[in-house]
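# Remarks on the overall topology
Take a look at the letters that make up each chain.
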Amino acid sequence: MSRAHAVAPPEELILGRYRVLRPLGSGGSGSVWLARDELEGRDVALKVVPREGKAGARAEREAQAVRRLRNRHCARAYSVERDERHVYVAYEYVPGKTLREAIRSGELDDAATVEAAAQVLEALAHAHAKGIVHRDVKPANVLLEDGDTVCVRVLDFGLAQFTEAETLTAAGDVPGTLAYIAPERLQGHDATGAADVWAVGVILWESLAGYQPFWAAAPVATAQKIGAGPPPLARARPDLPRPLAAAVDRALALDPRRRPQ
């Protein structure tokens, strides 16, 4: 986190309003901090991204996408600001953990897994109706809120594609995490809502079966597994209700036209 501390020193107010409290996470494109918005009197998750290159443009694109969304399962963006060096996006702060962490710890039973996926699909349906395709749906981009009931937020619309906007990625580049990318995307076709549905299907298959159906040590091998499609979920979990297994299999149909809307 040394780079993140250099970006957001806790003893200074960022943009004259955000007081950094503690780090929430960091990655190749920037860092996220729990911060106090002294102007509005609330805690926020403050995303700090360098302006140069694609990272800053994607951060602003993400904020533009999220601010158009009005669904309880989409992370809410309060504001996007910038200075000479960085882009700052203030999101609602929701205490919790990622779905990736919850899956790895084994704390989700079948019912909670299905409920979480249903809420993700609700958020995506709302985004699709606004002309926004997420393009990077994966367990690490779903936040599971702390509490006694299942409540999720879909995060990171940084790769979101608008129907009226050009993609920021270079020709031939397939964004997102490979093991959750739909086969048509690997073949060079444009992302559609069906690709997001595929990703939710992968999350469900992984969570219910207990292992990732496509992961392999080499990217080429992962891509080959995706192209072949997963085995029927009932083979890994014959005890599941047939309608549930069939719904997951439909979401993972190789032909995107066969997937649920």
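The paragraphs below set out a description of the structure included in this document. (Residues numbered from 1 in each chain as written. Predicted model: local features only at pLDDT ≥ 70, side-chain atom pairs only at ≥ 80, totals over all residues. Heavy atoms only, no water.)

Let's shift gears to the pattern of salt bridges. This structure, assessed with the given rule, holds 16 salt bridges. Arg82 is the salt-bridge partner of Glu60, the closest N and O atoms lying 2.7 Å from each other. One end of the pair, Glu60, is in helix α2 (residues 53-66); the other, Arg82, is in strand β5 (residues 77-82), with 22 residues separating them in the sequence. Residue Glu60 is classed as partly exposed on the basis of its relative accessible area, which comes to 26%. Classification of Arg82 as partly exposed rests on a relative accessible area of 38%. (Salt bridge = Lys/Arg side-chain N within 4 Å of Asp/Glu carboxyl O. Helix = DSSP H or I, 4+ residues; strand = E, 2+ residues; numbered from the N terminus. Buried < 20%, exposed > 50% of the residue type's maximum accessible area, 1.4 Å probe, protein only.)

Attention now goes to the layout of surface pockets. Counted as a void, the largest pocket has a volume near 1,000 Å³. Looking at the largest pocket, it is lined by 36 residues, and the ones nearest its centre are Val32, Lys47, Asn141, Leu155 and Asp156. Sorting the residues of the lining of the largest pocket by element identifies β2 (18-27), β3 (30-37), β4 (42-50), α2, β6 (86-92) and β7 (96-98) as the ones contributing at least two each. Tallied by class, the residues present in the lining of the largest pocket amount to 15 nonpolar, eleven polar and ten charged. Residue lining of the second largest pocket: 23 residues in total, with Leu121, Val197, Ala251, Pro260 and Gln261 positioned closest to the centre. Those elements that place two or more of their residues in the lining of the second largest pocket are α4 (110-129), α6 (193-209) and α9 (242-251). (1 Å grid on protein atoms, 1.4 Å probe; cavity = no way out; pocket = protein on both sides within 12 Å on 5 of 7 lines; lining within 4 Å. Points joined across faces, edges and corners; volume = space filled by probe spheres on them. Nonpolar A, V, L, I, M, F, W, Y, C, P; charged D, E, K, R; others polar.)

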